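Spelled out from the first residue to the last, the chains are:
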Amino acid sequence: MENAKVQEILEKQVLTVAKAVEDKLDDEISALDRLDMDDIEVLRERRLQQMKKMAEKRSRWISLGHGEYSEIPSEKDFFAAVKASDRVVCHFYRDNWPCKVVDKHLSILAKQHMETRFVKINAEKSPFLAEKLKIIVLPTIALIKNAKVDDYVVGFDELGGTDEFSTEELEERLAKAQVIFFEGESSLNPRSGSQARRSVRQSTKPDSSDSE
């Protein structure tokens, strides 16, 4: 008897949810039915403008070196790179196995996240940068937004403490810092407790030319 009452309550709840979903769909269909040709043309034009803007942005990103993982040859080139792009992932490396592991993952992510510039620089040949940004442990990945180092991934401690971490784990860590996006939108909240930002501009004049 008790089971029959529970079943009846569950059936009523299912019917209530189904009715709510049906009403929502009816409202959306009605809204579409009320669109006239002028409304549709406005929506179409807006969509075309969005697509045009994205195409222009992608073209600019490609011209700046986005979409590939490249080496910065000098400290001077580092400053130019971080001023040109809003989001930069920079791997400070030396020629050893852990750094080669990072290279492998960043090469993959660079192709998947056009919105961000992926680069590496030899820390041992960049003493000024290493001292200024307090790069001690290698590999260190500096996460740079609007020409400021916003966060760091130091070694593999945050990636399971092993060199067998997946590309997805590193991708999630970068997204957490909002230096890369998922599907054009940030998918995770900014990392709490990130280290104090250190400016890497050579001048104080705002000059970021890759704004949203």
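To keep things clear, this report deals only with the structure shown in the data block. This structure is a prediction, so every number in the text was calculated from the model and none was measured.

About the criteria used
- Residues numbered from 1 in each chain as written.
- Predicted model: local features only at pLDDT ≥ 70, side-chain atom pairs only at ≥ 80, totals over all residues.
- Heavy atoms only, no water.
- Core = buried A, V, L, I, M, F, W, Y, C linked by side-chain atoms within 4.5 Å.
- Buried < 20%, exposed > 50% of the residue type's maximum accessible area, 1.4 Å probe, protein only.
- Helix = DSSP H or I, 4+ residues; strand = E, 2+ residues; numbered from the N terminus.
- Pairing = 2+ DSSP bridges.
- Contact = heavy atoms within 4.5 Å.
- Expected span 1.5 Å × (residues − 1).
- Polar contact = N/O pair within 3.5 Å; in protein donor to acceptor, adjacent residues only side chain to side chain.
- Axes fitted to C-alpha atoms, helices over the stretch in contact; angles between N-to-C directions.
- Parallel < 35°, antiparallel > 145°, perpendicular 65-115°, else oblique.
- Left-handed = near helix turned anticlockwise from the far one by under 90°.
- Nonpolar A, V, L, I, M, F, W, Y, C, P; charged D, E, K, R; others polar.
- Phe/Tyr/Trp six-rings, centres within 6.5 Å; stacked < 30°, edge-to-face > 60°.
- Lys NZ or Arg CZ within 6 Å of the ring centre and 35° of its normal.
- Patch = residues over 30% accessible without salt bridge, like charges linked within 9 Å, V, L, I, M, F, W, Y side chains within 5 Å.
- Areas by Shrake-Rupley, 256 points an atom, 1.4 Å probe, with all protein chains shown as cover.
- Salt bridge = Lys/Arg side-chain N within 4 Å of Asp/Glu carboxyl O.

**Details of the nonpolar core**
- One finds F78, C90, F92, L133 and I144 to be the most contacted residues of the largest nonpolar core, which totals 22 residues.
- Sorting the residues of this core by element identifies α3 (75–84), β2 (87–93), β3 (117–122), α5 (127–132), β4 (140–145) and β5 (148–154) as the ones contributing at least two each.
- Core analysis: the next-biggest nonpolar cluster, separate from the first, contains 20 residues, L106, I141, V153 and A177 among them.

**As for α3**
- The buried fraction of α3 is high, at seven of 10 residues.
- For α3, the complete set of buried residues consists of E75, F78, F79, A81, V82, K83 and A84.

**Considering the pairing of β2**
- Summarising burial for β2: seven of the seven residues are buried, a large majority.
- The side-chain alternation of β2 yields two buried faces, one formed by R87, V89, H91 and Y93 and the other by V88, C90 and F92.
- Of the strand pairs in this sheet, β2 and β4 are connected by six bridges, and their pairing is antiparallel. When the bridges of β4 are listed, F92 appears paired with T140.
- Of the pairings in the sheet, the one linking β2 to β3 comprises six bridges and is parallel in character. Across the sheet, residue Y93 finds its bridge partner in β3, namely N122.

**Some points on the environment of P98**
- Among the structural elements, P98 can be located in helix α4 (residues 97–112).
- C-alpha of P98 to C-alpha of D163: the two residues are 65 residues apart in sequence and 6.7 Å apart in space.
- Excluding residues within four positions of it along the chain, P98 makes contact with P139 and F156.

**Notes on the pairing of β4**
- Taking burial as the measure, the six residues of β4 include six buried ones, the bulk of the element.
- Neither face of β4 is open: one carries T140, A142 and I144, the other I141, L143 and K145, and all of them are buried.
- Pairing of β4 with β5, which is carried by six bridges, proceeds in the antiparallel orientation. Each residue of the ladder has a partner; that of L143, found in β5, is D151.
- The turn linking β4 back onto β5 is made up of two residues, and N146 within it adopts a positive phi angle of 50 degrees.

**Some details on α4**
- Compared with the 22 Å implied by 1.5 Å per residue over 16 residues, the 24 Å span of α4 between its first and last C-alpha is a close match.
- Burial in α4 covers these residues: C99, V101, V102, D103, H105, L106, L109 and A110.
- Along its buried surface, α4 packs onto β1 (69–71), β2, β3, β4 and α6 (167–176).
- By the N-cap criterion, in which a side-chain oxygen at the helix start approaches the backbone nitrogen of a residue two or three places on, α4 is capped by N96, the distance to C99 being 3.0 Å.

**With respect to the packing of α4 against α6**
- Relative to each other, α4 and α6 sit at 60 degrees, their axes nearing to 10 Å. Judged by the inter-axis angle, α4 sits oblique to α6. Between α4 and α6 lies a crossing of right-handed hand. Contact residues: H105, L106, I108, L109 and Q112 in α4; T167, L170, E171 and L174 in α6.
- Per-class residue counts for the contact of α4 with α6 are five nonpolar, three polar and one charged.

**Here's the deal with the packing of aromatic side chains**
- Under the definition given, this model contains four aromatic pairs.
- Ring plane angle 80 degrees and centroid distance 5.7 Å describe the contact between F78 and F79, whose orientation is recorded as edge-to-face. Each member of the pair, F78 as well as F79, is classed as buried.
- The side chain of K120 reaches across the aromatic face of Y93, ending 4.8 Å from its centre.

**Regarding a nonpolar patch on the surface**
- On the surface, V17, V21, L25 and I29 cluster together into a nonpolar patch covering about 350 Å² of accessible area.
- Residue placement: I29 occurs in helix α1 (residues 2–33).
- Its relative accessible area of 46% is what places I29 among the partly exposed residues.

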